[in-house]
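Overview (structure and organization)
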There are 2 protein chains.
Amino acid sequence: MEVVSGTASLAVPPGSAAVVVKNLYLSCDPYMRGRMTEHETPSYVPDFVPGEVLVNHGVSKVVASGHPDFKVGDLVWGITGWEEYTLNPKPESLFKINHPEMPLSYYIGVLGMPGLTAYAGFFNVAKPKKGDYVFVSAASGAVGQIVGQLAKLTGCYVVGSAGSDEKVNLLKTKFGVDYAFNYKKEQDLNAALKRYFPEGIDIYFENVGGAMLDAVLLNMRVHGRIAVCGMISQYNLEQPEGVHNLFCLVSKRVRMEGFLVGDHYGEYRKVPQGGEDQIR
Amino acid sequence: MEVVSGTASLAVPPGSAAVVVKNLYLSCDPYMRGRMTEHETPSYVPDFVPGEVLVNHGVSKVVASGHPDFKVGDLVWGITGWEEYTLNPKPESLFKINHPEMPLSYYIGVLGMPGLTAYAGFFNVAKPKKGDYVFVSAASGAVGQIVGQLAKLTGCYVVGSAGSDEKVNLLKTKFGVDYAFNYKKEQDLNAALKRYFPEGIDIYFENVGGAMLDAVLLNMRVHGRIAVCGMISQYNLEQPEGVHNLFCLVSKRVRMEGFLVGDHYGEYRKVPQGGEDQIR
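Cut-off values and rules
Residues numbered from 1 in each chain as written. Chains lettered and ligands numbered in written order. Predicted model: local features only at pLDDT ≥ 70, side-chain atom pairs only at ≥ 80, totals over all residues. Heavy atoms only, no water. Phe/Tyr/Trp six-rings, centres within 6.5 Å; stacked < 30°, edge-to-face > 60°. Helix = DSSP H or I, 4+ residues; strand = E, 2+ residues; numbered from the N terminus. Buried < 20%, exposed > 50% of the residue type's maximum accessible area, 1.4 Å probe, protein only. Least-squares fit on C-alpha atoms with pLDDT ≥ 70 in both. Domains from an automatic or database assignment. Contact = heavy atoms within 4.5 Å. Salt bridge = Lys/Arg side-chain N within 4 Å of Asp/Glu carboxyl O. Nonpolar A, V, L, I, M, F, W, Y, C, P; charged D, E, K, R; others polar. Pairing = 2+ DSSP bridges. Axes fitted to C-alpha atoms, helices over the stretch in contact; angles between N-to-C directions. Buried area = accessible area lost by both parts, 1.4 Å probe. Polar contact = N/O pair within 3.5 Å; in protein donor to acceptor, adjacent residues only side chain to side chain.

Under the defined criterion, the tally for this structure stands at 34 aromatic pairs over all chains. With 5.4 Å between their ring centres and 80° between their planes, A:Phe247 and B:Tyr235 make a pair best called edge-to-face. Here B:Tyr235 lies in the loop between strand 10 (220-228) and helix 7 (248-251) and A:Phe247 lies in the loop between strand 10 (220-228) and helix 7 (248-251), a pairing that spans two chains. Under the relative-accessibility criterion, A:Phe247 is labelled partly exposed at 26%.

See below:
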């Protein structure tokens, strides 16, 4: 990555429906890892092009507008550039921020893409019921920490895993899960899961893949659900690890379903208040 | 396996609600392979006990009955013993045969467990739409051959794989799929699937697991569905093979769901005519 200086025009081209925004907060999200790889067949998001400005979710303020729905001073969140000012030719893809009294950084967190990912994956894909046994990997991550809290609010038993004692402590003291453990300190992930889930797991919110998924499969309950959000343990490997216990999908009649938050944005756009009312 | 001679009493114990049946047809199904393994933790069906009579689906005639719903001469199908006569203490689990004019052997095939497995897995789990691209592995097997025909009846494009040219020929000439191939003759399963599914696969009816599943994952379409019926390529291995391409579940938002026909028997019992009317 390289920082490049340049000049920006704070005006939209005459007659265009573009906006120019000043970027206030930029997010760095795990899915960007995939965009840094050159894919032979196109992935679900385009690869980054060397030499072009990186893009990802951010919070911005409109400083020039040729679009009737956006006026100077509007606050927005959505995909923007890793630069001070961005010319966005299609501002319809941005979300208006209707509650500027909230800390604006929340719109790259709990009220932005990570929050919607957690919400969509937990409620729309995993379909929880009160009393369900829920396991979240990468549970202190931007998405995982929200899943854990949504699960507690739903009346579930929640265990999270993370990769450092500091993160485990955060999970226990701040994010309110029932139990948390450092997977790096476990000799046997299957035994660890059996310790926390003697009755088995109803919902696994999958962020890591690989060996953890294999151990989870052995511990799923009948008619359990695995919402597959990501598999970050695999992204830097030459070849992904093999998962061996998929027959458990049959013997326990488990549903394993991948999702992308982008498929759920339409639903979010129909809720004018977004998730603001649910923030405690 | 050992054949043992003995004597049988063709009467039910006084006061019991048991039946004695004469077994007319016995089925040998792939899931029995699992029951021949000693499981440390119980599987979804009990392990066979050495020295006891093997049991599986069969067609039988009632020859003695203490149960008000079953009378001598009734024809039934369901779990029975690999023996000439079976004493069944819980005949409620048997299905009555209301169409004895059909060949009775159909009740261990298209009208029995394999047919219901195909029906439940295809319609209840895979949820097909007209025009869907459907791939069936072990497509000439008891279940696979029915899935292919149900898919054709639904207006889908159907390709099946099998392990011999004889089976492939049967698929093409008798079972009416669009294309069939011998997976043992393919150097590269991914390339084979790309050849038959240039647009990708909407529904994979999974009977084999392992390398085929890995190749299918690379070729699924967005919002595709994998109905996992079995993974027969894995049952004789010390350790199941690893499946590497599960991230495709996320990038293509694929649902992969295991099922057991037993969960769907209740629904079948509600249909007095069973599937007889659908047989061509």
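This next bit is on the relation of the copies chain A and chain B. Screw-axis analysis of chain A against chain B gives a translation of 0.0 Å along the axis, an RMSD of 0.0 Å, and a rotation angle of 180°. Such a combination of turn and shift is consistent with a two-fold rotation axis. Taking the C-alpha atom as reference, chain A places A:Gly242 closest to the rotation axis, 1.8 Å from it.

Residue and element names in this part refer to chain A. With domains assigned, chain A is organised as domain 1 (19-108) and domain 2 (113-262). Of note, the centres of domain 1 and domain 2, computed from C-alpha atoms alone, are 29 Å apart. Taken together, the contact between domain 1 and domain 2 spans eight residues of the former and seven residues of the latter. The tally of links between domain 1 and domain 2 comes to zero salt bridges. Here the residues of the side of domain 1 that touches domain 2 are counted per class, giving five nonpolar, one polar and two charged.

All names here are of chain A. Taken as a whole, this structure holds 21 salt bridges over all chains when the rule is applied. Here arginine 225 makes a salt bridge to aspartate 132, at a shortest N to O gap of 3.4 Å. Residue arginine 225 is located in strand 10, and its partner aspartate 132 is located in the loop between helix 2 (113-126) and strand 6 (133-136); the two are separated by 93 residues in the primary sequence. Assigned by exposure class, arginine 225 and aspartate 132 land together as buried. Lysine 185 is the salt-bridge partner of aspartate 165, the closest N and O atoms lying 2.5 Å from each other. Of this pair, aspartate 165 sits in helix 4 (residues 165-173) while lysine 185 sits in the loop between strand 8 (179-182) and helix 5 (189-196), and the two are 20 residues apart along the sequence. A relative accessible area of 56% means that lysine 185 is categorised as exposed. It is possible to trace a salt-bridge network through shared partners that takes in Lys71, Asp74 and Lys96.

Further remarks concern helix 6 (residues 211-219) of chain B. When you tally the buried positions in helix 6 of chain B, you get seven out of nine residues, the bulk of the element. Among the residues of helix 6 of chain B, B:Met212, B:Leu213, B:Asp214, B:Ala215, B:Val216, B:Leu217 and B:Asn219 are the ones counted as buried.

The subject of this paragraph is the side chain of B:Ser137. Of note, B:Ser137 is situated in the loop between strand 6 (133-136) and helix 3 (144-153). Taking relative accessible area as the criterion, B:Ser137 reaches 0% and is therefore assigned buried.

A word on the sheet that holds strand 6 of chain A. Sheet architecture is open: twelve strands sit in the order 8(A)-7(A)-6(A)-9(A)-10(A)-11(A)-11(B)-10(B)-9(B)-6(B)-7(B)-8(B), paired in mixed fashion. The two strands at the open ends of the sheet, each matched to only one other strand, are strand 8 of chain A together with strand 8 (179-182) of chain B. Across this sheet, the average inter-strand angle for adjacent strands is 15°, counted without regard to direction. By the bridge criterion, three bridges tie strand 6 of chain B to strand 9 (residues 201-206) of chain B in an arrangement that is parallel. Residue pairing for strand 9 of chain B: B:Val134 is matched across the bridge by B:Ile203. Contacts from helix 3 (residues 144-153) of chain A reach strand 6, strand 7 (157-162) and strand 9 (201-206) of chain A, with the element oriented near 170° to strand 6 of chain A. Contacts between helix 5 of chain A and the sheet are confined to strand 6, strand 7, strand 8 and strand 9 of chain A, with strand 8 of chain A contributing the most and set at about 165° to the helix.

Moving on: the interface of chain A and chain B. How big an interface is tends to be stated in terms of accessible area lost as the parts join. Across the boundary between the two partners, chain A contributes 28 residues, which contact 28 residues of chain B. Around 2400 Å² of area is buried between chain A and chain B when both sides are counted, 65% of it from carbon and sulfur atoms. Taken together, chain A and chain B are joined by two salt bridges. Remark: the boundary between chain A and chain B carries twelve residue pairs in polar contact (both at pLDDT 80 or more). Listed by contribution, the elements that provide at least two residues to the side of chain A that touches chain B are strand 10, helix 7 and strand 11 (255-258) of chain A. Among the elements that line the side of chain A that touches chain B, the one with the most residues is strand 11 of chain A, at four residues. Sheet topology note: the strand 11 of chain A/strand 11 (residues 255-258) of chain B ladder contains three bridges and is antiparallel. Bridging from a neighbouring strand, A:Glu257 pairs with B:Arg255 of strand 11 of chain B.

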